[in-house]
Amino acid sequence: MSRRRGATAGTERVARPTVTVCRGCCCGTSKVPYLDHEAQMSDLRSLLAGVAMVRRTDCLDVCERANVIVIQPSPEGRRAGGRPVWLGQVNAPEAAADITTWVKNGGPGLADPPDILDLYTFSPSRRVRHELDE
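Quick caveat, the model's predicted, so the values are computed rather than measured. (Residues numbered from 1 in each chain as written. Predicted model: local features only at pLDDT ≥ 70, side-chain atom pairs only at ≥ 80, totals over all residues. Heavy atoms only, no water.)

Some remarks on the nonpolar core
Across soluble globular proteins, you tend to see nonpolar side chains buried next to one another.
And step 1. Counting residues in hydrophobic clusters, the biggest one holds 20 residues, and the most contacted among them are V19, L44, I69, I71 and I99.
And step 2. Those elements that place two or more of their residues in this core are strand 3 (18-22), helix 1 (37-47), strand 5 (69-72), strand 6 (85-87) and helix 3 (93-104).
And step 3. Element by element, the count of residues in this core is highest for helix 3, at 5 residues.
And step 4. Here V19 is in contact with L48, A52, M53, V54, R55, I69, V70, I71 and V103, once residues within four sequence places are set aside.
And step 5. Among the nonpolar cores identified, the runner-up in size contains 12 residues, and C22, L60, V70 and V128 belong to it. (Core = buried A, V, L, I, M, F, W, Y, C linked by side-chain atoms within 4.5 Å. Buried < 20%, exposed > 50% of the residue type's maximum accessible area, 1.4 Å probe, protein only. Helix = DSSP H or I, 4+ residues; strand = E, 2+ residues; numbered from the N terminus. Contact = heavy atoms within 4.5 Å.)

So, the packing of aromatic side chains
And step 1. As enumerated under the stated definition, the model contains 1 aromatic pair in all.
And step 2. Here the aromatic rings of W86 and F122 are separated by 6.0 Å at their centres, their planes lie at 70°, and the arrangement is edge-to-face. On the criterion of sequence distance, the pair formed by W86 in strand 6 and F122 in strand 7 (residues 121-122) is long-range, its members being 36 residues apart. For the pair W86 and F122, one class covers both residues: buried. (Phe/Tyr/Trp six-rings, centres within 6.5 Å; stacked < 30°, edge-to-face > 60°.)

Remarks on the sheet that holds strand 7
And step 1. Reading across the sheet, the 5 strands line up as 4-3-5-6-7 and stay open at both edges, with mixed pairing between neighbours. Here the strands that pair on one side only, and so sit at the sheet edges, are strand 4 (53-57) and strand 7.
And step 2. With 4 bridges joining them, strand 3 and strand 5 adopt antiparallel strand pairing. Paired with T18 across the two strands is Q72, which belongs to strand 5. (Pairing = 2+ DSSP bridges.)

Description of the pairing of strand 3
Side-chain positions along a regular strand alternate between the two faces of the sheet.
And step 1. Strand 3 sits mainly inside the fold: 5 of its 5 residues count as buried.
And step 2. The pairing of strand 3 with strand 4 spans 5 bridges and is classified as parallel. Each residue of the ladder has a partner; that of T20, found in strand 4, is R55.
And step 3. As for the winding sense of the linkage, the β-α-β connection from strand 3 through helix 1 to strand 4 is right-handed. (Right-handed = clockwise from strand over helix to strand, strands pointing away.)

As for the side chain of Q72
And step 1. Along the chain, Q72 turns up in strand 5.
And step 2. Within the local environment of Q72, its side chain forms a polar contact with the side chain of R55, the two groups lying 3.4 Å apart. (Polar contact = N/O pair within 3.5 Å; in protein donor to acceptor, adjacent residues only side chain to side chain.)

With respect to the pattern of salt bridges
And step 1. Enumeration over the complete set of coordinates arrives at 1 salt bridge.
And step 2. R56 is the partner of E38 in a salt bridge, and the nearest nitrogen-oxygen pair spans 3.2 Å. With E38 in helix 1 and R56 in strand 4, this residue pair connects regions lying 18 residues apart in the sequence.
And step 3. Using a relative accessible area of 48% as the deciding quantity, one classes E38 as partly exposed.
And step 4. By relative accessible area, R56 is classed as partly exposed at 38%. (Salt bridge = Lys/Arg side-chain N within 4 Å of Asp/Glu carboxyl O.)

Shown next as structure tokens:
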């Protein structure tokens, strides 16, 4: 079975980037105060509707970086050299807006992220990256 993701537009399948939002033991909880977690999730879903698949997942096992969001490239972005980008401490509403702008422009492999996202980017362990791919 193909792991290709996307939405159907007519009879044609449209592949999109995937935005994975951690909402496990630390992310999305009161352990990260001063952020309306549900509003962040709702904003990402509404602003990226038809552009990217936005999904909620349980703990990504990088709790020290809560809130964590992973941007996975579309198949086209992957062919262009894009790889998943891990963003940690995404605790400001402005960060979600920067993520939205980048994904709307194509995301990993197709568009350069806004410079401000460099502040959030990190590289998780190989084990953690592998678990997300499963």
